[in-house]
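# Inside the fold
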Amino acid sequence: MKRFSAGRLSSVFLCAFAALMVLAAPAHSQSTLGQVMSSGKLRVAIIGGNPPYSSLTPSGEPEGYDIEIAKRIAAALNVEPEFITVDIPARVTVLQTGKADITVANFTKTVQRSTSIAFTDPYVVVSLQFLVRADQNDLQTIEDINDRDVVVGITRGGTAEQNVPLAAPDASIARFNNETDILAALDTGQVHVMSQDNLYNAELMKNRSGQYKVLPGLYSYEEIAIGLPAGDFDWWRVLNTWVGQFNASGDNARLFKEWFGYDLPPIQAQY
Amino acid sequence: MSYDLNLRTVVPYLGSLPEAALVTVGLSVFTIVLSLLLGIGGALLRRSRAVTFRFVGAAYVEFMRNTPLLVLLYLVYFGLPQLGLRLNGFQAALIALTINSGAYMTEILRGGLMAIPRGQYEAAFSQGMTGFQTFRYIVFPQVFRIIYPPLGNQFIQVVLGSSLASVVAVNDVASWMQTAGSATFRYIETFLVAGIVYVGLCQAINLARIVTGRLLFGPAHVARGR
Amino acid sequence: MSSVFADYGALLLRAAGITLWISWLGLLLGGLLGAAVGLARTSRWRVLRILALLYTELFRSIPVLILMFFCYFGLPLLVGLDLSPFAAATAALMFAASSLMAEVVRAGIDSVARGQWEAAFASGMRYRQVMRHIVGPQAVRVMLPPSVGVYIATLKESSLASIIGYVELTKTALLIRETTGQSLEVLATITLLYFVINYGISLVGGALERKYAIAHY
């Protein structure tokens, strides 16, 4: 028997909505550390499709540098890792909603982001570089780029937003949603320069050698670190201890060389 | 639901918002003007006596009504360079929006023109009026009255469609929201701000349409027409 | 263009199916939500009518692209649930369709002559009975053709789901572009696909309109 009364339907919707609100409220009573230890599982958020940081094998198994790091942390805590694939924006929200315990996903540690979530000390440091098509002979140095007629393509809301204007204040900036769109625009000449971190560029040069060239110079200092929910000091303490020893023991350098093929860039900034 | 709304996080980014809003408005205004011209051409095509012209006009309208604006935009921005025509984001967005909106303008104008009975043209000619005089004194005032509400609605549709320009590197309001959002991760706040801008723009257009409609045509003409 | 279709035809057709499916979901859910709002628009209580009006005005003044971003990035923060691109896109399409469907439902209900309500009430029927037996069936018949229009609009808007990473027809074309390096052919191919699908559906809608043409008193 269908009930079409407007009042009824509206109140049903309101009740359902209210119920959803109540049920969806996450329970934050236990610290993450306690939760991980008692459940025996470490929920790790990763980004698929970003080799060699992380990618998915044809059978759906995650593998990569970030994956290995997560597996080592789980082993150190004597728990099992459980991988959740997310993409760029969800790297943060998955920690805020309590769906993951850590995020290991090529995650740059910034002050801005630190207002919503927490970071450990860095395990990799990357820098901004500029990339042009191999046949563009008029753009050889940063001074050539620093020109109003030169268009630099960047991905939105990343660290490039601040760093590109610092390096080349006169250049024009074009914002895209992902790297493939920038590459497509670079190929057709609508964008003259692409700006990404040096590790991304190294991968690109490896896969598409001869098509592009990287301009000399590193134009930012960005720390890649592990993300965790904010306000949980115990959890941060444990993870940070692990990261410190991972770096100091040379384990990081070995793992990096294994996955990237070249030496780990220095992690400590030269003051 | 432990989310603390804090609009202050968005404040550092508000500085670039007026410029973004200007881009949105500018893109929309240019599109409306150009697509109106295109629409006049389209309407004339569809009312032509030659079958081929009528077919071309109808095909144009049906094509634009049944294909997504985003795909058209991608075609113009990423596809045309293959044919030798490289456009920047704003130009590509303007062209795609204009071509798309032109089809809807065609239909609006055609509807207006169809409403004028043949007899009025004949009466005008029999009185010795020239084509131009007929248009200026008989046809235009009536057509304008009829197309006025849907024209206002089309303006709103263009403003909404302009948000797609953010995908091809145009710094409009949608782009502002995506940039500020991904920098601060404060998606709710940035959405609220961007939403207010768009709702404000659209409702302002609506209001302007109703007010000027009343001024031009008298109170009987406040039909919603949406 | 033929080479793109030869190599990727099956993939594109499957992606077209995904597009049709997610748009159908959006229309269905949006239709339910829109029906509630549409009923509220014709309700006896002024408050409900105003709230419903605000709802439709709001969602017709916000670009669907913004809605998509909100559903994908913002909604998870509000409800504490992580939304996949599929869920977020469906939610956005649902909200967009609901505002259009609210208008369709309202117009459908209004199309039934007032005299029928009065006669029914005079015969002692209650609101619920009138809706179910008298006004409802007639209204639904009027609502069918414009609903087809809403479906076509939703199909076009589904292309925006590609921007938040959902793999439907447009995103599939972009992925193909990454492999082939050529944009024009694949984009032209999906343009044609969209046209064929939508135009076909609009013809069905036209047929529906003729079949259900009813005389108005």
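Residues numbered from 1 in each chain as written. Chains lettered and ligands numbered in written order. Predicted model: local features only at pLDDT ≥ 70, side-chain atom pairs only at ≥ 80, totals over all residues.

### A look at helix α4 (residues 89-114) of chain B
Residues and elements named next belong to chain B. Its 26 residues give α4 an end-to-end C-alpha distance of 37 Å, which sits within 8% of 38 Å, the value for a rise of 1.5 Å per residue. Maximum bend of α4: about 25°, positioned at Gly102. Counting buried positions over the 26 residues of α4 gives 19, a clear majority of the element. (Helix = DSSP H or I, 4+ residues; strand = E, 2+ residues; numbered from the N terminus. Expected span 1.5 Å × (residues − 1). Bend = angle between axes of the 7 residues up to and from the residue. Buried ≥ 20, exposed ≤ 12 C-beta atoms within 10 Å, placed from the backbone.)

### Looking at the interface of chain C and chain B
Every contact between the two is made by 31 residues of chain C and, on the other side, 31 residues of chain B. Secondary structure elements with two or more residues in the side of chain C that touches chain B: α3 (64-79), α6 (127-157) and α8 (183-211) of chain C. It is α8(C) that provides the largest number of residues to the side of chain C that touches chain B, a total of eleven residues. Grouping the constituent residues of the side of chain C that touches chain B by class yields 20 nonpolar, ten polar and one charged. (Contact = placed C-beta atoms within 7 Å. Nonpolar A, V, L, I, M, F, W, Y, C, P; charged D, E, K, R; others polar.)

### Structural notes on the domain arrangement of chain A
When cut into domains, chain A gives domain 1 (32-126 + 223-260) and domain 2 (128-214). Look at where the C-alpha atoms of domain 1 of chain A and domain 2 of chain A centre, and you get two points 28 Å apart. (Domains from an automatic or database assignment.)

### Thoughts on the nonpolar core
Nonpolar side chains tend toward joint burial in soluble globular proteins. Ranked by size, the top nonpolar core spans 192 residues in total, and within it B:Leu73, B:Ala93, C:Ile66, C:Met68 and C:Ala92 carry the most contacts. A per-element tally of this core places helix α4 (residues 85-111) of chain C first, with 15 residues. For this core, the two domains that each supply at least three residues are domain 1 (32-126 + 223-260) and domain 2 (128-214) of chain A. Setting aside chain neighbours within four positions, we find C:Ala92 in contact with C:Val64, C:Leu67, C:Met68 and C:Cys71. (Core = buried A, V, L, I, M, F, W, Y, C linked by C-beta atoms within 7 Å.)

### Let's talk about the sheet that holds strand β10 (residues 193-197) of chain A
Hydrogen bonding along the main chain pairs the strands of a sheet, whether they run parallel or antiparallel. Residue and element names in this part refer to chain A. Taken in spatial order, the five strands line up as β9-β8-β10-β7-β11 in an open sheet, and their pairing is mixed. Sheet topology places β9 (172-176) and β11 (212-214) at the edges, where each strand pairs with a single neighbour. Pairs of neighbouring strands in the sheet enclose a mean axial angle of 35°, with direction left out of account. The pairing of strand β8 (residues 151-155) with β10 spans two bridges and is classified as parallel. (Pairing = 2+ DSSP bridges. Axes fitted to C-alpha atoms, helices over the stretch in contact; angles between N-to-C directions.)

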